Amino acid sequence: MEVILAIGVIAGLSVVAYRVIRHIRKERYFASEEFLAHKQAIARYVWEHNEIARYVAEIRSRGTFAIGSSSSGAQAHLASFDNTSYHNYRRDRNVASYGSPNVHNCSLQVVRNASADPIKYVMKYFNIRAEEGVLLHAQVLGESISRLESALHNLRVREEGVARAMNPPGFILKHYLSEFMHHVGVELSPISVPYPTFTFEYVSAGGNSSQRTSLTLDTPVIDALVETLSQKIRYRKSAAGQRSLMTARLREYIKARDGYACRYCRVSVQQEPHLLLEVDHIVPVSRGGLSIVENLQTLCWRCNRSKSNKIVSA
Ligand SMILES: [Zn+2]
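Note that the structure is a prediction, hence the values are computed from the model and not measured.

Visitor: Would you mind going over the coordination of the zinc ion in detail, with residue names and values included?
Guide: Listed as protein donors to the zinc ion are C262 (SG), C265 (SG), C300 (SG) and C303 (SG); their distances from the metal cover 2.3 to 2.4 Å. One can describe the donor arrangement at the zinc ion as tetrahedral, given that its four donor atoms subtend angles of 104 to 115 degrees at the metal. Going along the chain, you hit the donors of the zinc ion in the pattern C-x2-C-x34-C-x2-C. Of the two residues, C265 sits in the loop between α11 (248–257) and β4 (277–281) while C300 sits in strand β5 (residues 296–300), which places them 35 residues apart along the sequence.

See below:
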C-alpha cells in the first residue's frame, strides 16, 4: 500500500517538475535574442496581419448576413404552456423551439420533404420569394459571406506563415500557441462567419420524438439559392433574370481574367503570395451597379478597403 502511494507521489511530483521546467524553458525562449530578432524581422508582416484582422471586423459589421424568416411561433410568447398529464414516463423530452425566426415548426412530412428538396422548402417556409429585390439581396449576402471567408482564410494562412518564419521549438507551438502569437504581436480575430441556418423542426404532441432538417447557407448553398431564384424570375421573363449572377464561379473568373492582380495598384500574387484579393463592383450594387463582367474588377484588400471607406463616408 505504502509502495503504491510512494509511486503515486513520485509520479505526481514528476508531472509538476515537468510543467515547471517547461514553463522556465518557455519564459527563456520568449526572452531570447533569437526570438526577439525573429520578431523584429517579421514586424511588418505581423502589422499587416493585424490590419487584415481589423478589416475582417469591418466586413463583419458592414456586411449582410441574414435572409428570410419563418413566422411559425411568432406569437407563441403570448401564451403559456404546461404539460399536466399524469403518466409515469417523463413527458416533453423534446420541446419545440418557438419564437426563433430561423426555426420552422412543422409536420413530420414537411421535415422529410425539406431534406429531399432543401432550397425549395427554405424558399417556401422562410419567405424567400422569387423577386428581383430578393435575388439581389441573396447575391449581396453571398458576397459578404465569401469576402469574410476569404479574409479569415487569409488570416489563418498568415498565422501559419508567422509560425514558420519564427520557427519556435515544437513544445511552444504545442502548448503555448496563443501566448506565442501574443508575444509576437499577432492579434487573433475572434470573428467567425455567421452563416444563416434554417431548421425545419417536428416535435410530436407528447414531446417524445423530434426530427429536424437543417440547411446552412454556405457559399455552395447560396449559389444554389441564387440560381434557383434567378431561374424562377427568368421564367417570368424579367430583365433581372437575364443578368449575370454573382456566384463563386464568377468571382473566380474575374480574378483569373485580371491575372490575380489588383487593377488599381497592380500588386499581384506573384509579388505577394499571401495577397488578399477581392472582386469589386466598379459601380456599387447600392447605386444600381450590375453583376456583369464589365462592371467587375479585382482589387487588393488595401485598395478595396480605401474605396469602400470613401463610399461609406460619401
Ligand atoms: Zn491594390
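From this point on, the discussion continues.
Visitor: Any details on the packing of aromatic side chains? Residues and values, ideally.
Guide: Considering all chains together, one arrives at nine aromatic pairs under this definition. With a centroid separation of 4.6 Å and 50 degrees between ring planes, the pair formed by F126 and F198 is classed as tilted. Of this pair, F126 sits in the loop between α5 (118–125) and α6 (132–166) while F198 sits in strand β2 (residues 197–203), placing them 72 residues apart in sequence. F198 shares its class with F126; the two are buried. A connected cluster of aromatic rings, assembled from ring pairs, spans Y121, Y125, F126, F198 and F200. One residue, R60, lies across the ring of F65, its end atom 5.0 Å from the ring centre.

Visitor: So what's going on with the side chain of S144? Residues and values would help.
Guide: Looking at where S144 falls in the secondary structure, it is placed in helix α6. A residue is classified by how much of its surface remains accessible, and S144, at 9% relative accessible area, is buried. At 2.9 Å, the side chain of S144 forms a polar contact with the backbone nitrogen of T64. Leave out the neighbours within four places in its chain, and S144 touches I59, G63, T64 and F65.

Visitor: Break down the domain arrangement of the chain for me, citing the residues and quoting the values.
Guide: Here the chain is partitioned into domain 1 (32–243) and domain 2 (244–314). Contact with domain 1, which involves 29 residues of that partner, is made by 24 residues of domain 2. At the boundary of domain 1 with domain 2, total buried surface from both sides reaches about 2,300 Å², with 50% on carbon and sulfur atoms. Linking domain 1 with domain 2 are five salt bridges. Residue R302 is joined to E48 by a salt bridge in which the shortest nitrogen-to-oxygen separation is 2.3 Å. Across the contact surface, domain 1 and domain 2 share 11 residue pairs in polar contact (both at pLDDT 80 or more). Elements represented by at least two residues in the side of domain 1 that touches domain 2 include exactly α3 (43–62), α6 and α9 (219–235).

Definitions and cut-offs
- Starting from 1, residues in each chain are numbered consecutively following that chain's sequence as written.
- The predicted nature of this model means local features are confined to residues of pLDDT at least 70 and side-chain atom pairs, given and counted, to a pLDDT of 80 or more, with totals for whole chains, interfaces and linings taken over all residues.
- As a convention, hydrogens and water are excluded, and side-chain values are obtained from all of the structure's heavy atoms.
- The donor definition counts N, O and S atoms within 2.8 Å of each metal and applies 3.2 Å to Na, K and Ca; water is not among these atoms, so some sites may look incomplete.
- Square planar and octahedral assignments, for four and six donors respectively, both demand that opposite donors be over 155 degrees apart and that all other angles lie between 65 and 115; tetrahedral needs four donors with all angles between 85 and 135 degrees, and anything else is irregular.
- The helix and strand labels rest on DSSP assignments: H or I over at least four residues marks a helix, E over at least two residues marks a strand, and numbering proceeds from the N terminus.
- The criterion for an aromatic pair is that two Phe, Tyr or Trp rings (for Trp, the six-membered ring) have centres within 6.5 Å, with stacked assigned to planes under 30 degrees apart, edge-to-face to planes over 60 apart and tilted to the rest.
- Working definition: with a 1.4 Å probe on protein chains only, accessible area under 20% of the residue-type maximum means buried, over 50% means exposed, and in between means partly exposed.
- Placement of a positive charge over a ring is assigned whenever Lys NZ or Arg CZ falls within 6 Å of the ring centre and within 35 degrees of the normal to the ring plane.
- Distance and chemistry together define a polar contact, namely a pair of N or O atoms within 3.5 Å, with one atom able to donate a hydrogen and the other to accept it when in protein, and with adjacent residues in sequence counting only for side-chain atoms on both sides.
- Residues are treated as being in contact if the distance between any of their heavy atoms lies within 4.5 Å.
- For each domain, the first and last residues come from an automatic or database assignment.
- Note on terms: buried area is the combined drop in 1.4 Å-probe accessible area of two parts once they are placed together, counting the loss on both.
- Salt bridge, as used here, is a side-chain nitrogen of Lys or Arg placed within 4 Å of a carboxyl oxygen of Asp or Glu.

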